[in-house]
Amino acid sequence: MRAGTVPPAPEKVRPRSGGPRRARTADGGRRKREFTTRRGLTIAAFMAPAALFVAFFTYYPMIAGSQMAFRNWNLSDLTDTSFVGFGNFKAVFGDPLWGTVLSNTALWVVASIVPQLVIGFALALWLRRRFRFRGLYQALIFFPWAISGFLIGILFRWMFNSEFGVVNDLLMKASLIDEPVAWLADPKTAMVAIIVANIWYGVTFFAIMILAALQSIPDEIYEAAALDGAGKVRTLFQITIPYIRATLALTVLLRVIWIFNFPDIIFGTTGGGPNNETHIVTTWMITIMQQGDYGRASALGLLIVAGLLLFSVFYLTATKEKGVRR
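Reading guide: rules and limits
Residues numbered from 1 in each chain as written. Predicted model: local features only at pLDDT ≥ 70, side-chain atom pairs only at ≥ 80, totals over all residues. Heavy atoms only, no water. Salt bridge = Lys/Arg side-chain N within 4 Å of Asp/Glu carboxyl O. Helix = DSSP H or I, 4+ residues; strand = E, 2+ residues; numbered from the N terminus. Buried < 20%, exposed > 50% of the residue type's maximum accessible area, 1.4 Å probe, protein only. Polar contact = N/O pair within 3.5 Å; in protein donor to acceptor, adjacent residues only side chain to side chain. Contact = heavy atoms within 4.5 Å. Phe/Tyr/Trp six-rings, centres within 6.5 Å; stacked < 30°, edge-to-face > 60°. Core = buried A, V, L, I, M, F, W, Y, C linked by side-chain atoms within 4.5 Å. Axes fitted to C-alpha atoms, helices over the stretch in contact; angles between N-to-C directions. Parallel < 35°, antiparallel > 145°, perpendicular 65-115°, else oblique. Left-handed = near helix turned anticlockwise from the far one by under 90°. Nonpolar A, V, L, I, M, F, W, Y, C, P; charged D, E, K, R; others polar.

Peer 1: Summarise the pattern of salt bridges; cite the residues concerned and give the values.
Peer 2: For the structure on display, the rule yields four salt bridges. We note a salt bridge from Asp169 to Lys173, for which the minimum N-O separation is 3.3 Å. Of this pair, Asp169 and Lys173 both sit in helix H6 (residues 166–173), four residues apart, which is roughly one turn of that helix. With a relative accessible area of 34%, Asp169 lands in the partly exposed category. The class of Lys173 is exposed, set by a relative accessible area of 63%. Residues Arg296 and Asp293 are paired through a salt bridge, measuring 3.2 Å at the closest nitrogen-oxygen approach. As far as burial versus exposure is concerned, Arg296 and Asp293 are alike and both buried. Taken together, the shared-partner salt bridges in this structure form one network comprising Asp95, Asp293 and Arg296.

Dropping the structure here:
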């Protein structure tokens, strides 16, 4: 630097926008904020309204309903709400409809879940491919999930009507039947009708969940399998299904629980008839409650909760042993 020259002033370091920077650790990472009592109280204050809402509208009715199961709680005589122990449970087990309700529930769940899984899986595989108007087809397939189950039940009640239903009309035009079938008047055909309606409604859920899982599979895996000469069937059972096995297991568990507790379609189509022959446990519980016997309905509700809890534990244990978790 020449003598007499003034050195340039150093440039000012401008602070970055967005407020003060957090302190960094020696390895360059950001230091975590310390958890203080004030911060904990702030988090608790934000969570308190939601916690109170859930406690008041979920846990309080649950506890109140549970104590009803052990009392003589009938709207016909509220002057006697004495403790009866397991009397309400004995009344449930001794009811002539108990066996029919159990068999209908098992048929309702199994006959609905298997076709829903198979059809939903096939639709998800089809929708994963790129083709024209794929978004439109996805919207049409996912549309039923946005409709109320009770409205779907009413829709299928008209479709299966013995006089002017579209199902009988199509079957007669196809020469599959000679005369109209009273679908909702016969207990056997009535169960078929409500199961068909439930399958149509639940396929969408499987398609949504499985499609989301399929989109997480890298395309490189399929390209490597194609280079190795793997066919479509081998790719399906050795790559696709193992990769999304955890999602499949969780989806099946959630759907079993929802179908078990899904009386909407049955009330919209048959209402539990004819002659109470299409009742499942949840529709039967609601019917008992409508009759005013809250004690017996609460006992049946506790049995439902206990049964689903045991099923969930055994199911998760079995799927974990088979290596469902990745």
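Additional details are given in the paragraphs that follow.
Peer 1: Requested: an account of the side chain of Thr270, with residues and values cited.
Peer 2: Turning to its location among the elements, Thr270 is positioned in the loop between helix H11 (264–269) and helix H12 (281–290). The exposure class assigned to Thr270 is buried, which follows from its relative accessible area of 16%. A polar side-chain atom of Thr270 sits 2.9 Å from a polar atom in the side chain of Thr278. Contact partners of Thr270, with chain neighbours within four places excluded, come to Leu184, Ala190, Ile194 and Thr278.

Peer 1: Explain the packing of aromatic side chains to me, using residue names and the numbers behind them.
Peer 2: Applying the stated criterion to the full structure yields 16 aromatic pairs. A centroid spacing of 5.7 Å and a plane angle of 25° characterise the contact between Phe311 and Tyr315, whose relative ring orientation is stacked. Pair noted here: Phe311 and Tyr315 are both in helix H13 (residues 294–321), with a separation of four residues, about one helical turn. Exposure remark for Phe311: the relative accessible area of 33% places this residue in the partly exposed category. Aromatic rings pair up to connect Phe53, Phe56, Phe57 and Tyr60 into one cluster.

Peer 1: Outline the nonpolar core, listing residues and values.
Peer 2: Residues Trp108, Ile210, Ile244, Ile265, Trp284 and Leu300 are the most contacted members of the largest nonpolar core, which totals 51 residues. Counting residues per element, the ones that place at least two in this core are helix H3 (98–128), helix H5 (149–159), helix H7 (187–214), helix H10 (245–260), H11, H12 and H13. For Trp108, the contacting residues outside a window of four places in its chain are Ile194, Ile195, Asn198, Ile259, Phe262, Ile265, Ile266 and Ile280.

Peer 1: Residues and numbers for the packing of H3 against helix H4 (residues 134–142), please.
Peer 2: Running from amino to carboxyl end, H3 crosses H4 at an angle of 160°, the nearest separation of the two axes being 10 Å. Relative to H4, the element H3 lies roughly antiparallel. In this structure, the crossing between H3 and H4 has a hand that is left-handed. Of the residues in H4, those touching H3 at Leu123, Trp126, Leu127 and Arg128 are Arg134, Tyr137, Gln138, Ile141 and Phe142. Each residue belonging to the contact of H3 with H4 can be placed in one class, and the counts come to six nonpolar, one polar and two charged.

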